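Coordinates in review
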There are 2 protein chains.
Amino acid sequence: MADFTTTIETTIETLLEQKKYNSLRDILSTINPADIAALFEDLPHNKLPLLFRLLPKELAAESFVEMDGDLQEELIRGFSDNELKEVIDELYLDDAVDLVEEMPANVVKRILTQADAETRRLINEMLKYPEDSAGSIMTTEYVDLRPDMTVSEAIKHIRRTGIDKETVNVCYVTDASRNLTGVLSIRDLILSSDDTEIADVMSPNVISVNTLEDQETVASMFAKYSFTALPVVDGENRLVGIVTVDDAIDVIQEEATEDIEKMAAITPSDKPYLKQSVFSIFKSRIPWLLLLMISATFTGAIITHFEDSLSAYIVLVASIPMLMDTGGNCGSQSSVTIIRGLSLHEISFSDTLRVVWKEFRISILCGVTLAIVNFFKMLLLGQATSLVAMVISLTLIFTVIMSKMIGCLLPIAAKRIGFDPAVMASPIITTVVDAMSLLIYFEIARAILKI
Amino acid sequence: MADFTTTIETTIETLLEQKKYNSLRDILSTINPADIAALFEDLPHNKLPLLFRLLPKELAAESFVEMDGDLQEELIRGFSDNELKEVIDELYLDDAVDLVEEMPANVVKRILTQADAETRRLINEMLKYPEDSAGSIMTTEYVDLRPDMTVSEAIKHIRRTGIDKETVNVCYVTDASRNLTGVLSIRDLILSSDDTEIADVMSPNVISVNTLEDQETVASMFAKYSFTALPVVDGENRLVGIVTVDDAIDVIQEEATEDIEKMAAITPSDKPYLKQSVFSIFKSRIPWLLLLMISATFTGAIITHFEDSLSAYIVLVASIPMLMDTGGNCGSQSSVTIIRGLSLHEISFSDTLRVVWKEFRISILCGVTLAIVNFFKMLLLGQATSLVAMVISLTLIFTVIMSKMIGCLLPIAAKRIGFDPAVMASPIITTVVDAMSLLIYFEIARAILKI
């Protein structure tokens, strides 16, 4: 894909210089909107308004949607009012709402002025849904049928109105008071005979979500049920919109990125890495670093407290990093597994005991294996006497068990009290585990080595 | 959702006891296949063959596909040959292939015996594609049109054959030698007049993938282009199958889980956590733990080497955990950000310099902030003299810079030489950073404190 983009870029730049606009239009018309957006990012920005005007209207709108905010803003600022109106008219409502949410106030004002009254009303309505709710990602452009239509009437209805709908693959059936009463796929329509009533073809068991439902739940329903669209209803079960599968995919990727970032102690951001400023990345990383650095004060205090024991055996000091790292790694293995399980809904609070019992057995297997390998390694390399090696190996077993217990319990507890489990990943676990494993370590050392 | 499942479970168990099979059939018919599969997991397993027989044929097959391997195997072992044949006949080819891949040999033999000759041939053909390739996740049941058909002929064709197709939302156009020449959506068909030729409605620019393409690339194309299906062609551009969006979503979630597991030093597994045995989880975790534990030998050796300097100042020892943790956290922030960027194709090798320059500036901001806070914290708490506090704060700056450089460069380098960047996350980075930050630490301490 990358090579393809590079070659076509050169072609386009050359044709631009030669002012061969007809050929340019022909070439651009063969390219997919997502690729046009990528192309626009790379081409000299002063040429973009010209190129954009060369695109057929529908392709122009579709490509516009795929561009990132900065580029959209740049283009809008170059548009005449008329051009802006044309683009807005072509946009699906959910894309128009996304645009309004991202643009600065003065651009938003221009957009709303150019939109027709009905679109403006709908945009304003959609803007009221909370961020990351089903309402905020839905579109109101869906195919809406009545139960008493015949199949051929329904197909005629779709032919008349379908051009403006985001998808015709799934059609929804509502009664006179706009209650959602059925669903059928375009396949059901096409495979039925012309005079069948919709009520006889549709499936009356419709799975729907409320406008306020969290977008993560919406996305996981797509994964579970293999839907291509999901209806969104208000508090009175009236159909108000649909979420389409392409938006669900975006949510799935966004949520996975957010989880991963939180696990690495980064405050999540919507923007791709290369688009974020150094300072905004700094701001997303420094709070956790500061917090974790300061909480390491405890580990320092523990070491200072055991100063006398430590000065007797430098090997005890030398093993601190290994013990702390192993504890941290064990803890993050467990916490990350549990966090991912929770966010894919594979694990729930009622599984707590099963999880703990499983992690306990795993931690004994891991701890004993590590301890045995460490014991013989220390003796073979002559790093310690067998008594000291035993202290360190015993500590390993207890550290591994404790880390895995903390690693699996903290995320579940966080979820239970309404926090995001992803925050309970490696860095937090490491800090807790560090302090506790040092305490175990020095107590075992004191008991066995009598220091 | 969870509550719904619990209530219906009780109803079903009661009706089973009362042998009210007609009502049971009616209830089951209203439930979505994915929910039926979940229900079956929870109901007493000796009742499952009976319940399964109550399901309408199509729903039975669809629910069967949603169940996990163990349950499928149990049901198959209870099926008569005839029942097995009925289920297989209803399955889409890609689901049948998944089933054959998961079942033990003797069950596979029964399945292939009951499948008709053509299905058997197709299954065997699909089994030849490498694991995780486009070929292995595609289905061969797609709508195939000819360019010289009219729209009404095409709709008639879909009516005749569509019932067996996995999706009719997207139709593909092939010429006499099965070359892929165009694509059109069912919407294009419905919105066109009856006697238009397909060649005039279809879009001739079809984005397709080769059978051998990696499934991760396939999934990322769905995310990029908002497709609901993607055609798969062989080496001669002949259409051999399609990948549908529901399979792409599964791949996206699978790959995100794999990335997350690798970042936490876990060998990835296909199975959900609660389904894996303790020993198999142990096996997926212990290799990394062992490797990382043994590589911590270096940090131990460094500490031992600086024994004399350390015994002079216990505060230097007490700060080791804080320095190592901060280095590890900084490194994993960078590596995780870069790894996710690489896997979403937001960052490529050509961005290396931009990434390094960005991380360098971020690391200076983070390092200086942490150093200042640490310096004053140590003085205020009376933990160290200002000279020692300076040693530790200076080390912090260098450690943060070094960690972030290593954290961003290792994943890019891994990708460049063909390794999976996700493996270069926290645990590996921590181990490298630990050793290097200790070296920096002791050199600075020696220089400033003259020990």
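1. Here we look at the overall build of chain A
Helix and strand content of chain A: 24 helices and 6 strands. Counted over contacts in chain A with a minimum sequence separation of 6, partners at least 24 positions apart contribute 67%. Of the side-chain charges in chain A, 37 are positive and 65 negative, and the distance between the mean point of each set is 2 Å.

2. What about the nonpolar core?
In terms of nonpolar packing, the biggest core is built from 131 residues, with Leu51 and Phe52 of chain A together with Leu51 and Phe52 of chain B touching the most fellow members. Not counting residues up to four positions away in its chain, the partners in contact with Leu51 of chain B are Ile12, Leu16, Leu24, Leu28, Phe40 and Leu43 of chain B. Judged by nonpolar contacts, the second largest core, of 93 residues, contains Ile302 and Ala384 of chain A together with Val317 and Met322 of chain B.

3. Examining the confidence of the model for chain A
Residues with a pLDDT of 70 or more make up 95% of chain A, whose mean pLDDT is 84. Reported confidences for the modelled complex are a pTM of 0.73 and an ipTM of 0.71.

4. Remarks on the packing of aromatic side chains
Across all of its chains, the model carries 16 aromatic pairs over all chains by this definition. Geometrically, the ring pair formed by Phe52 of chain B and Phe79 of chain B is tilted, given 5.2 Å between the ring centres and 35° between the ring planes. With Phe52 of chain B in helix 4 (residues 48-54) and Phe79 of chain B in the loop between helix 6 (69-78) and helix 7 (81-90), this residue pair connects regions lying 27 residues apart in the sequence. Phe79 of chain B shares its class with Phe52 of chain B; the two are buried. Aromatic side chains Tyr225 of chain B and Phe227 of chain B sit 5.2 Å apart centroid to centroid with 25° between the ring planes, which places their arrangement in the stacked category. By relative accessible area, Phe227 of chain B is classed as buried at 18%. An aromatic cluster of at least three residues, connected via ring pairs, comprises Phe40, Phe52, Phe64 and Phe79 of chain A. The ring of Phe349 of chain A has Arg416 of chain A sitting right over it, with the charged end atom 3.9 Å from the ring centre.

5. A short note on the packing of helix 8 (residues 93-102) of chain B against helix 10 (residues 117-126) of chain B
Residues and elements named next belong to chain B. At a closest axis distance of 10 Å, the pairing of helix 8 and helix 10 adopts a crossing angle of 65°. By the angle between their directions, the pair helix 8 and helix 10 is classed as roughly perpendicular. Helix 8 and helix 10 meet at a crossing whose hand is right-handed. Contacts between helix 8 and helix 10 involve Leu93, Ala96, Val97 and Val100 from the first element and Thr119, Leu122, Ile123 and Met126 from the second. Among the residues making up the contact of helix 8 with helix 10, the classes are represented as 7 nonpolar, 1 polar and no charged.

6. Quick look at the environment of Ile314 of chain B
Mapped onto the elements, Ile314 of chain B comes out in helix 20 (residues 314-318). Ile314 of chain B sits 243 residues away from Leu71 of chain B along the chain, and the two C-alpha atoms are 60 Å apart. In contact with Ile314 of chain B, not counting residues within four places along its chain, are Ile303, Thr304, Glu307 and Leu310 of chain A.

7. Considering the interface of chain A and chain B
Counting residues at the interface gives 113 residues for chain A and 113 residues for chain B. Each partner contributes to the roughly 10,000 Å² buried at the junction of chain A and chain B, and carbon and sulfur atoms together form 68% of this total. At the boundary of chain A with chain B, the tally comes to 4 salt bridges. Close ionic contact of Arg159 of chain B with Asp194 of chain A constitutes a salt bridge, the shortest N to O distance being 3.5 Å. At the surface where chain A touches chain B, the tally comes to 13 residue pairs in polar contact (both at pLDDT 80 or more). In terms of residue count, helix 21 (residues 320-343) of chain A provides more of the side of chain A that touches chain B than any other element does, 14 residues in total. Class assignment of the residues belonging to the side of chain A that touches chain B gives a composition of 61 nonpolar, 28 polar and 24 charged.

8. Here's the deal with the pairing of strand 5 (residues 229-233) of chain B
Residue and element names in this part refer to chain B. The buried fraction of strand 5 amounts to 5 of the 5 residues, a majority that puts the element mostly inside the structure. Every second residue of strand 5 is oriented toward a common face, with Ala229, Pro231 and Val233 on one face and Leu230 and Val232 on the other, all of them buried. As judged from the 2 bridges shared by strand 4 (residues 209-210) and strand 5, these two strands associate in the parallel manner. When the bridges of strand 5 are listed, Asn210 appears paired with Val233. Pairing analysis gives 5 bridges linking strand 5 to strand 6 (residues 239-244), with the strands arranged antiparallel.

9. Some words on the packing of helix 3 (residues 33-42) of chain B against helix 5 (residues 57-66) of chain B
Between two packed helices, the angle of one axis relative to the other and the distance separating the axes together describe the packing. Residues and elements named next belong to chain B. At a minimum axis separation of 8 Å, helix 3 and helix 5 run at an interaxial angle of 65°. Helix 3 and helix 5 meet at a crossing whose hand is right-handed. Residues Pro33, Ala34, Ile36 and Ala37 of helix 3 lie in contact with helix 5, whose contacting residues are Leu59, Glu62, Ser63 and Glu66. A breakdown of the residues in the contact of helix 3 with helix 5 according to their chemical character gives 5 nonpolar, 1 polar and 2 charged.

10. Examining the sheet that holds strand 4 (residues 209-210) of chain A
Residue and element names in this part refer to chain A. Pairing within the open sheet is mixed, and its 3 strands lie in the order 4-5-6. Edge strands, defined here as strands with exactly one partner in the open sheet, are strand 4 and strand 6 (239-244). Running at roughly 140° to strand 5 (residues 229-233), helix 15 (residues 215-225) makes contact with strand 4, strand 5 and strand 6 of the sheet.

11. Section: the relation of the copies chain A and chain B
Of the transformation placing chain A onto chain B, the axial shift is 0.1 Å and the rotation is 180°, giving an RMSD of 0.1 Å. Expressed as an axis order, the relation between the two copies is that of a two-fold axis. Both copies present the same face, since 100% of the interface residues in chain A are matched by interface residues at the equivalent positions in chain B.

12. Some details on unusual backbone geometry
All names here are of chain B. Unlike most non-glycine residues, Asp132 shows phi in positive territory, near 65°. Take Asp132: it is sitting in the loop between helix 10 and helix 11 (134-137). Phi at Asn237 takes a positive value of approximately 60°, unusual for a residue other than glycine. Tracing the sequence through the fold places Asn237 in the loop between strand 5 and strand 6. Note on Asn237: relative accessible area 33%, which makes it partly exposed.

13. Details of the pattern of salt bridges
One pass over the structure, following the stated rule, counts 24 salt bridges over all chains. The partner of Asp351 of chain A in a salt bridge is Arg354 of chain A, and the shortest N-O contact between them spans 3.8 Å. Residue Arg354 of chain A is classed as partly exposed on the basis of its relative accessible area, which comes to 49%. We note a salt bridge from Arg121 of chain B to Glu118 of chain B, for which the minimum N-O separation is 3.2 Å. Taken together, the positions of Arg121 of chain B and Glu118 of chain B, both in helix 10 and 3 residues apart, correspond to about one turn of that helix.

14. Focus: helix 6 (residues 69-78) of chain A
Because the α-helix completes a turn every 3.6 residues, residues three or four places apart line up on one side. All names here are of chain A. Along helix 6, the residues classified as buried are Gly69, Leu71, Gln72, Glu73, Leu75 and Ile76. Elements in contact with the buried residues of helix 6: helix 3 (33-42), helix 4 (48-54), helix 5 (57-66), helix 7 (81-90), helix 8 (93-102) and helix 9 (105-114). You can read the cap of helix 6 off the contacts: a side-chain oxygen lies 3.0 Å from the backbone nitrogen of Asp70, and it is on Asp68.

15. Examining a nonpolar patch on the surface
Together, Trp357, Phe360, Ile364, Val368, Ile372, Phe376, Leu379, Leu380 and Leu381 of chain A make up an exposed nonpolar region whose accessible area comes to about 870 Å². Inspection of the secondary structure assignment puts Leu381 of chain A in the loop between helix 22 (352-380) and helix 23 (386-416).

Procedures and definitions
Residues numbered from 1 in each chain as written. Chains lettered and ligands numbered in written order. Predicted model: local features only at pLDDT ≥ 70, side-chain atom pairs only at ≥ 80, totals over all residues. Heavy atoms only, no water. Helix = DSSP H or I, 4+ residues; strand = E, 2+ residues; numbered from the N terminus. Contact = heavy atoms within 4.5 Å. Lys, Arg positive; Asp, Glu negative; His and termini not counted. Charge placed at Lys NZ, Arg CZ, Asp CG, Glu CD. Core = buried A, V, L, I, M, F, W, Y, C linked by side-chain atoms within 4.5 Å. Buried < 20%, exposed > 50% of the residue type's maximum accessible area, 1.4 Å probe, protein only. pLDDT = per-residue confidence, 0-100. Phe/Tyr/Trp six-rings, centres within 6.5 Å; stacked < 30°, edge-to-face > 60°. Lys NZ or Arg CZ within 6 Å of the ring centre and 35° of its normal. Axes fitted to C-alpha atoms, helices over the stretch in contact; angles between N-to-C directions. Parallel < 35°, antiparallel > 145°, perpendicular 65-115°, else oblique. Left-handed = near helix turned anticlockwise from the far one by under 90°. Nonpolar A, V, L, I, M, F, W, Y, C, P; charged D, E, K, R; others polar. Buried area = accessible area lost by both parts, 1.4 Å probe. Salt bridge = Lys/Arg side-chain N within 4 Å of Asp/Glu carboxyl O. Polar contact = N/O pair within 3.5 Å; in protein donor to acceptor, adjacent residues only side chain to side chain. Pairing = 2+ DSSP bridges. Least-squares fit on C-alpha atoms with pLDDT ≥ 70 in both. Patch = residues over 30% accessible without salt bridge, like charges linked within 9 Å, V, L, I, M, F, W, Y side chains within 5 Å. Areas by Shrake-Rupley, 256 points an atom, 1.4 Å probe, with all protein chains shown as cover.

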